[in-house]
Amino acid sequence: MWKERKKTYLQSKIKETEEATGSGSYVTLTSTSAKPSGKAASLQSDLIFEEIGRRIKEMGSQLVKKVNAIFQWDITRDGKMVVQWTLDLKTGSGEIYQGASRCPADTVFTLSDHDFMQLVLGKIKPHRAFFVGRLKVRGNIMLGRKLEMILKNQL
């Protein structure tokens, strides 16, 4: 077996006769873009979303009355989306879940895991991240400001 660029060539021999068999076989090595599961991804942001989930259970119905919106986060790593989180503060007593929004989201945030943590920790302001292109927003951007004020009090 030997490797040339992205191909690994295989050659096997019959033990008794030492004759080569399958000498033209090779395997092409490629990277996969499969989405890792939430726990396997080991994203720092997962911990924050889990904490938001605990807070939603405590005071979700109050937040639904104040906000009445659905938010979705598309978290990226190395420029590729690795996980989505949805915060539904429109129905019932509110919920947060991993995955795309079941109903159309009012606001969708796209940012890297690192930048999300920088925002949560207060090391970068949301409007600054937006203007320098580290945070992308689709939908009603003003609801994002409302969410910022509410989450600031919660986290």
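For the structure itself, look to the data block above.
Computed from a predicted structure; not experimentally measured. (Residues numbered from 1 in each chain as written. Predicted model: local features only at pLDDT ≥ 70, side-chain atom pairs only at ≥ 80, totals over all residues. Heavy atoms only, no water.)

### Considering the nonpolar core
- Ranked by internal contacts, the top residues of the largest apolar core, which has 28 residues, are Phe49, Phe71, Trp73, Ile75, Leu87, Leu111 and Phe116.
- Of all elements in the fold, only helix H2 (44-67), strand S4 (69-77), strand S5 (80-89), strand S7 (107-112), helix H3 (113-120) and helix H5 (141-154) reach the threshold of two or more residues within this core.
- No other element matches H2, which puts 7 residues into this core.
- The residues contacting Phe116, other than those within four sequence positions of it, are Ser45, Ile48, Phe49, Trp73, Ile75 and Leu111. (Core = buried A, V, L, I, M, F, W, Y, C linked by side-chain atoms within 4.5 Å. Buried < 20%, exposed > 50% of the residue type's maximum accessible area, 1.4 Å probe, protein only. Helix = DSSP H or I, 4+ residues; strand = E, 2+ residues; numbered from the N terminus. Contact = heavy atoms within 4.5 Å.)

### Re H2
- In a regular helix each residue adds 1.5 Å, so 24 residues correspond to 34 Å; H2 covers only 26 Å between its end C-alpha atoms and thus falls short of that length.
- Maximum bend of H2: about 85°, positioned at Met59.
- Along H2, the residues classified as buried are Ser45, Asp46, Ile48, Phe49, Ile52, Gly53, Ile56, Gly60, Leu63, Val64 and Val67.
- Of the residues trailing H2, Asn68 is marked for its positive phi of about 55°. (Expected span 1.5 Å × (residues − 1). Bend = angle between axes of the 7 residues up to and from the residue.)

### Observations concerning the side chain of Ser101
- On the secondary structure map, Ser101 appears in the loop between strand S6 (95-98) and S7.
- Judged by its relative accessible area of 16%, Ser101 falls in the buried class.
- Once residues within four sequence positions are removed from consideration, Ser101 is found in contact with Ile70, Gln72 and Thr86.

### Some points on the packing of aromatic side chains
- Considering all chains together, one arrives at 7 aromatic pairs under this definition.
- Considering the side-chain rings of Phe130 and Phe131, the 5.5 Å spacing of their centres and the 70° angle between planes classify their relative orientation as edge-to-face.
- Accessibility expressed as a relative area gives 66% for Phe131, which makes it exposed.
- Following the ring pairs from residue to residue traces out a cluster consisting of Phe49, Phe71, Trp73, Trp85, Phe109 and Phe116.
- Taking NZ or CZ as reference, Arg102 lies 3.7 Å from the ring centre of Tyr97, over its face. (Phe/Tyr/Trp six-rings, centres within 6.5 Å; stacked < 30°, edge-to-face > 60°. Lys NZ or Arg CZ within 6 Å of the ring centre and 35° of its normal.)

### As for H3
- Where burial is concerned, most of H3 is hidden: 6 out of the 8 residues are buried.
- Among all positions in H3, only Asp113, Asp115, Phe116, Met117, Gln118 and Leu119 are buried.

Without other data, these values stay purely geometric and don't point to any function.
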